[in-house]
Amino acid sequence: MNISSIVVQAKPLHVKALIDLFDASDFCDYHFSDENTGKIVLTIEGENIDEEMQKLKKIEATPHVISATMMMAYSEDELDIEREKLQNADAVPSVLNDDNVKIEDIIYRGDLKKKIH
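Residues numbered from 1 in each chain as written. Predicted model: local features only at pLDDT ≥ 70, side-chain atom pairs only at ≥ 80, totals over all residues. Heavy atoms only, no water.

Asks: I'd like to hear about the nonpolar core, residue by residue, with values.
Replies: Grouped together as the largest cluster of nonpolar side chains are 16 residues, with contacts concentrated most on Ile6, Val8, Phe22, Ile40, Leu42 and Ile59. Looking at this core, the elements with two or more residues in it are strand S1 (2-10), helix H1 (15-24), strand S3 (39-46), helix H2 (49-60) and strand S4 (65-75). In terms of residue count, H1 provides more of this core than any other element does, four residues in total. Leaving out residues up to four positions away in the same chain, Ile59 has contacts with Ile6, Val8, Phe22, Phe27, Cys28, Leu42, Ile44, Val65 and Ala68. (Core = buried A, V, L, I, M, F, W, Y, C linked by side-chain atoms within 4.5 Å. Buried < 20%, exposed > 50% of the residue type's maximum accessible area, 1.4 Å probe, protein only. Helix = DSSP H or I, 4+ residues; strand = E, 2+ residues; numbered from the N terminus. Contact = heavy atoms within 4.5 Å.)

Next comes the structure, spelled out in C-alpha cells:
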C-alpha cells in the first residue's frame, strides 16, 4: 500500500468549492487548507505507484487546480524490501575484510568537516 501527500495550489476564490469536491471524491482525502494562499493538502492511497499517479492526474485535471504536487510518499512494500536488504547485508563492508587491499588505499568519506573531495 502506498500513501502520498499532495499539495494543491488554486486561486483563493476556488478553495471552498475544491474542498467540497475533494472531500466528496473517492480518489483522495482532504485534510487541511489555507484559503489565503490557495493551498489544499490531500492524501491519496494506492496499491502501487501507477494507481497513485492516476489519482494525482485526476487531481491535476480538476477545474481550477493550478498545480498538484506530491510532497511525501510512503510505500509499504519498498520499505519492507529495504529493511530486508539491511538485515541481510554484511555489517562489515567486504573491502575491510580483503587482505589484498592496503589500508592507505581506503578513502574515508565520513568526516563531514572535510566533506567529499
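Asks: Quick rundown of the pattern of salt bridges? Include the residues and the values.
Replies: For the structure on display, the rule yields two salt bridges. The salt bridge involving Lys55 is made with Glu51; its shortest N-O contact spans 3.4 Å. Remark: Glu51 and Lys55 occur in helix H2; sequence separation between them is four residues, near one turn of the helix. Lys55 gets classed as buried once you look at its relative accessible area, which sits at 17%. Look at Glu51 and you get partly exposed, because its relative accessible area is 27%. In this structure, Glu82 and Lys85 form a salt bridge, with 3.2 Å as the shortest nitrogen-oxygen distance. Here Lys85 and Glu82 lie together in helix H3 (residues 76-88), a separation of three residues that amounts to about one turn. (Salt bridge = Lys/Arg side-chain N within 4 Å of Asp/Glu carboxyl O.)

Asks: Let's hear about the side chain of Ser5: which residues, and what values?
Replies: With respect to the helices and strands, Ser5 occurs in strand S1. Excluding residues within four positions of it along the chain, Ser5 makes contact with Leu42, Thr43, Thr69, Met70, Met71 and Met72.

Asks: So what about the sheet that holds S1? Which residues, and what values?
Replies: Read across the open sheet, the four strands follow the order S2-S3-S1-S4; overall the sheet is antiparallel. Strands with a single pairing partner mark the edges of an open sheet, and in this sheet they are strand S2 (29-34) and S4. Recorded for the sheet is a direction-independent mean angle of 20° between the axes of neighbouring strands. Bridge analysis of S1 against S4 gives nine bridges, and the strand direction is antiparallel. Across the sheet, Val7 pairs through a bridge with Thr69, a residue of S4. Across the sheet, H3 lies against S1 and S4, angled at about 35° from S4, the strand it touches most. (Pairing = 2+ DSSP bridges. Axes fitted to C-alpha atoms, helices over the stretch in contact; angles between N-to-C directions.)

Asks: I'd like a description of H2, backed by residues and values.
Replies: Taking 1.5 Å as the rise per residue, H2 with twelve residues should run 16 Å; its terminal C-alpha atoms sit 16 Å apart, in good agreement. Of the residues making up H2, those classed as buried are Glu52, Lys55, Leu56 and Ile59. The arc that holds every buried residue of H2, seen down its axis, measures 100°, which confines them to one face. With respect to the buried face of H2, the exposed residues turned more than 90 degrees away are Asp50, Gln54 and Lys57. Contacts made by the buried residues of H2 are with S1, H1, S3 and S4. N-cap assignment for H2: the residue whose side-chain oxygen lies 3.1 Å from the backbone N of Asp50 is Asn48. (Expected span 1.5 Å × (residues − 1). Arc of directions from axis to C-beta. Polar contact = N/O pair within 3.5 Å; in protein donor to acceptor, adjacent residues only side chain to side chain.)

Everything listed here is a matter of coordinates, which is why it stays silent on function.
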